[in-house]
Amino acid sequence: MRAQEFLLEYRRDRTAQAVGNKLVAAFARVENISNVPPELHGALTLVSMAYYSHRYADKPVMLNVFGKIVEAYPKYALQLLGTNQFKTQLIDAILAHLETGDPTAHKEYTQWIAKMYIMGDTALEDIGSTLKEYLYKFALLKRKKLISPPANDINRYSSFTQFMDVMDKYELPDEEVVDKGEATEVYEDATVRVVVPEDQAAACYYGRGTRWCTAATKGTNYYGQYSRQGPLYILLPKSPAHPGERYQLHFPSEQYMDESDSEVDLYELIVNRFDLANFFKQQEPAISDYIVFADEAVVTPLLERIKQMAIDDFWDQVNEWEMHDEYWQDYRAEQARLRGYVDADGDIDWDQVMNDEDLGDYLDWNENLGTLRSNMETALNYSFDDIKSFVFNDQDGNHPEYENADISKLPNLVSAIVRYECGTRARDDNIVSLFIDRHIDVRTTRDLHKPGAPPWIVRRV
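Cut-offs applied
- Residues numbered from 1 in each chain as written.
- Predicted model: local features only at pLDDT ≥ 70, side-chain atom pairs only at ≥ 80, totals over all residues.
- Heavy atoms only, no water.
- Helix = DSSP H or I, 4+ residues; strand = E, 2+ residues; numbered from the N terminus.
- Rg over C-alpha atoms; globule rule 2.2 N^0.38 Å.
- Buried < 20%, exposed > 50% of the residue type's maximum accessible area, 1.4 Å probe, protein only.
- Contact = heavy atoms within 4.5 Å.
- Areas by Shrake-Rupley, 256 points an atom, 1.4 Å probe, with all protein chains shown as cover.
- Disulfide = S-S within 2.5 Å.
- Pairing = 2+ DSSP bridges.
- Axes fitted to C-alpha atoms, helices over the stretch in contact; angles between N-to-C directions.
- Parallel < 35°, antiparallel > 145°, perpendicular 65-115°, else oblique.
- Left-handed = near helix turned anticlockwise from the far one by under 90°.
- Nonpolar A, V, L, I, M, F, W, Y, C, P; charged D, E, K, R; others polar.
- Phe/Tyr/Trp six-rings, centres within 6.5 Å; stacked < 30°, edge-to-face > 60°.
- Lys NZ or Arg CZ within 6 Å of the ring centre and 35° of its normal.
- Core = buried A, V, L, I, M, F, W, Y, C linked by side-chain atoms within 4.5 Å.
- Polar contact = N/O pair within 3.5 Å; in protein donor to acceptor, adjacent residues only side chain to side chain.
- pLDDT = per-residue confidence, 0-100.
- Salt bridge = Lys/Arg side-chain N within 4 Å of Asp/Glu carboxyl O.

*Asks:* Please give an account of the overall build of the protein chain that cites residues and values.
*Replies:* In terms of helices and strands, the protein chain carries 19 helices and nine strands. In summary, the protein chain has a C-alpha radius of gyration of 30 Å against a globular reference of 23 Å for 461 residues, an excess of more than 25%. With the C-alpha coordinates of the protein chain rotated into their principal frame, the extents come out at 110 × 60 × 45 Å. Taken across its 461 residues, the protein chain has 45% of its residues classed as buried. Look at the contacts in the protein chain between residues 6 or more apart in sequence, and 56% of them connect residues 24 or more apart. As displayed, the protein chain has an accessible area near 24,300 Å², and 46% of this comes from carbon and sulfur atoms.

Structural data, given as structure tokens:
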């Protein structure tokens, strides 16, 4: 980012002209629909379609963009974005939200905020809450001359994280009496307490020293937005592994954060760090449907069915290829005659051919298929524990999404394991993986209201 793109004195119109396109690109890259304000939902979808059209089906979507209903096609979204002043309105809206993160009267930090936002350092939600909290602290310390150069120069900081790390080293002067609010302790054992804040004051009290947007006291506080969706669980370790260690879990939005507002591994936290899996299964029954938290007795029959369907299809395809492999048929016929496998009429005796170990197995002839069978069988014989190990060890470096995936994603996970064992990255390069992804579906039976039915079934689609 060139320094001259930002002016010493902040003006929204000039900043929009200088870096507006970069703000829009960052908006498309950083934001997601669950975090942006409702009035920006339509604009975010339109921008995402414009920048990432390959993610969308080639069909129209009706959107409310700044109060105007439009029909958007992915391939024309970029053109649509440039019409009807949508881009201008979006740039103005982004800057307005960035300004909310600046606690100063003359918005002296907004240009720096815009620069950091363009770098993709954080989302609008946290700028108006957590970052504003830190900038308020920075401005107060600077005004009282309690922070020395060069730490008192906002432009010295190259990221929000670096800035907040430095601010964490300082204490606010004359700290006010803190309102503890109302909270419910829902669990306690020898290692941890779990509390659920019942109001914003409690969310702020138990979130002191964290970077949670639900603990903001100077910026926009999002406690209400999250608590309406479901409870916020705050985990307070009795023997912290490091100063300030605490966690906040919000299951409806699948956000599991440590005190620095960094995402943590839910399984590692409530199974290995604390013994909380059974408690949370009772409190949040939906996580029992996460693959990694599901009961082995539920998952194992599904794995067996997926395995059998994949193997059956594999052999169907092998038989088809064998019938049409002229090189294989010619080789066997030639070898049969050389070995004397002919009857009195001079025709090949195929019974003798099939009994010959060198001529009876097509997979010995087609080494690629033979290797595929071996690797496929290794993958399909993964136990439930093996599957969980695959998810958390992340052997092929590309599947963290399965850590919070429910059982309906089991075929996709098995398909990924097949590709891993076969050494193929692309699904289309592996006939077993391709079949599983396209033709095996796992669905819940709960909506079918069939008494005695298993909770999940496997079917071919």
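*Asks:* Tell me what's going on with the state of the cysteines, and back it up with residues and numbers.
*Replies:* Think of a disulfide as a covalent bridge from one cysteine sulfur atom to another cysteine sulfur atom. Under the counting rule described, the total for this entry stands at zero disulfides. The structure places no disulfide on C204, whose sulfur is separated from the nearest cysteine sulfur, that of C213, by 11 Å. Look at C204 and you get buried, because its relative accessible area is 12%. Its relative accessible area of 7% is what places C213 among the buried residues.

*Asks:* Before we move on, could you go through the sheet that holds strand β6 (residues 247-250) and cite the residues and values that matter?
*Replies:* What the five strands build is an open sheet, ordered β3-β4-β5-β6-β7; its pairing is antiparallel. Looking at which strands have only one partner, the edges of the open sheet turn out to be β3 (183-188) and β7 (255-258). Taken over all neighbouring pairs, the strand axes of this sheet differ in orientation by 20° on average, direction set aside. As judged from the five bridges shared by β3 and strand β4 (residues 192-197), these two strands associate in the antiparallel manner. Looking at β4, one finds that E188 is bridged to R193. Running at roughly 115° to β6, helix α10 (residues 266-273) makes contact with β5 (233-237), β6 and β7 of the sheet.

*Asks:* Break down the packing of helix α16 (residues 367-380) against helix α18 (residues 410-422) for me, citing the residues and quoting the values.
*Replies:* Each packed pair of helices is defined by two parameters, the angle between the axes and the distance between the axes. Running from amino to carboxyl end, α16 crosses α18 at an angle of 135°, the nearest separation of the two axes being 8 Å. If you check the angle between α16 and α18, you find them oblique. Viewed along their axes, α16 and α18 form a crossing whose handedness is right-handed. Between α16, through L372, N375, M376, T378, A379 and L380, and α18, the contact on the second element is made entirely by V414, I417, V418, E421 and C422. Tallied by class, the residues present in the contact of α16 with α18 amount to eight nonpolar, two polar and one charged.

*Asks:* Give me the packing of aromatic side chains: which residues, what numbers.
*Replies:* This model, assessed by the stated rule, comprises 24 aromatic pairs. Measuring from centroid to centroid gives 6.3 Å for Y73 and Y76, while their planes differ by 70°, and the two rings are edge-to-face. Taking relative accessible area as the criterion, Y73 reaches 30% and is therefore assigned partly exposed. Assessed through its relative accessible area of 45%, Y76 is described here as partly exposed. An aromatic cluster of at least three residues, connected via ring pairs, comprises Y109, W112, F138, Y157, F160 and F163. R55 extends its terminal NZ or CZ atom over the ring of Y52, reaching a point 4.1 Å from the ring centre.

*Asks:* Which residues make up the environment of D102, and what values go with them?
*Replies:* Tracing the sequence through the fold places D102 in the loop between α4 (86-100) and α5 (110-118). Note: C-alpha distance between D102 and I127 (25 residues apart in sequence) is 8.5 Å.

*Asks:* Go over the nonpolar core with me, naming the residues and quoting the values.
*Replies:* Within the largest apolar cluster, 63 residues are counted, with the highest numbers of intra-cluster contacts made by L235, L249, I270, L276, F280 and I436. It is helix α12 (residues 296-324) that provides the largest number of residues to this core, a total of nine residues. In this structure L249 touches P231, L232, Y233, L235, Q255, Y256, L266, L269, I270 and F280, once residues within four positions along its chain are discounted. V24, V47, Y134 and M164 belong to the second-largest nonpolar core, a separate cluster that totals 54 residues.

*Asks:* Just give me the short version of the side chain of T214, but keep the residues and values in it.
*Replies:* Note that T214 resides in the loop between α8 (200-206) and α9 (223-229). Take T214: its relative accessible area is 1%, and that puts it in the buried class. Engagement of the side chain of T214 in a polar contact is seen with the side chain of Q248, the distance being 2.9 Å. When near neighbours in sequence (up to four residues on either side) are disregarded, T214 contacts A203, C204, N221, Y222, Y223, Y226, L232 and Q248.

*Asks:* With reference to specific residues and values, describe the pairing of strand β2 (residues 68-72).
*Replies:* Sheet topology places strand β1 (residues 61-65) next to β2; five bridges connect them, and they run antiparallel. Bridge assignment links V65 to a residue of β2, and that residue is K68. In textbook terms, the turn of a hairpin is the stretch between consecutive antiparallel strands, and for β1 and β2 this stretch comprises two residues, one of which, F66, has a positive phi near 50°.

*Asks:* A description of the confidence of the model for the protein chain should follow, citing residues and the corresponding values.
*Replies:* Across the protein chain, the average pLDDT comes to 88, with 94% of residues at 70 or higher. With pLDDT under 50 throughout, residues 1-7 is counted as low confidence; its partners more than four residues away or in other chains account for 14 contacts.

*Asks:* Got a sec to walk through the pattern of salt bridges? Specific residues and values, please.
*Replies:* Any two side chains of opposite charge can pair, given that their charged atoms come close. Applying the stated rule across the entire model yields 15 salt bridges. One salt bridge in this structure joins E99 and R12, with 2.8 Å as the shortest N-O distance. Here R12 lies in helix α1 (residues 12-30) and E99 lies in helix α4, a separation of 87 residues in the sequence. Among the ionic pairs, D385 bridges to K388, the shortest N-O distance being 3.9 Å. Within this pair, D385 and its partner K388 are both found in helix α17 (residues 384-393), separated by three residues, close to a single helical turn. Note on K388: relative accessible area 16%, which makes it buried. A single salt-bridge network, built from bridges that share partners, covers R12, D92 and E99.

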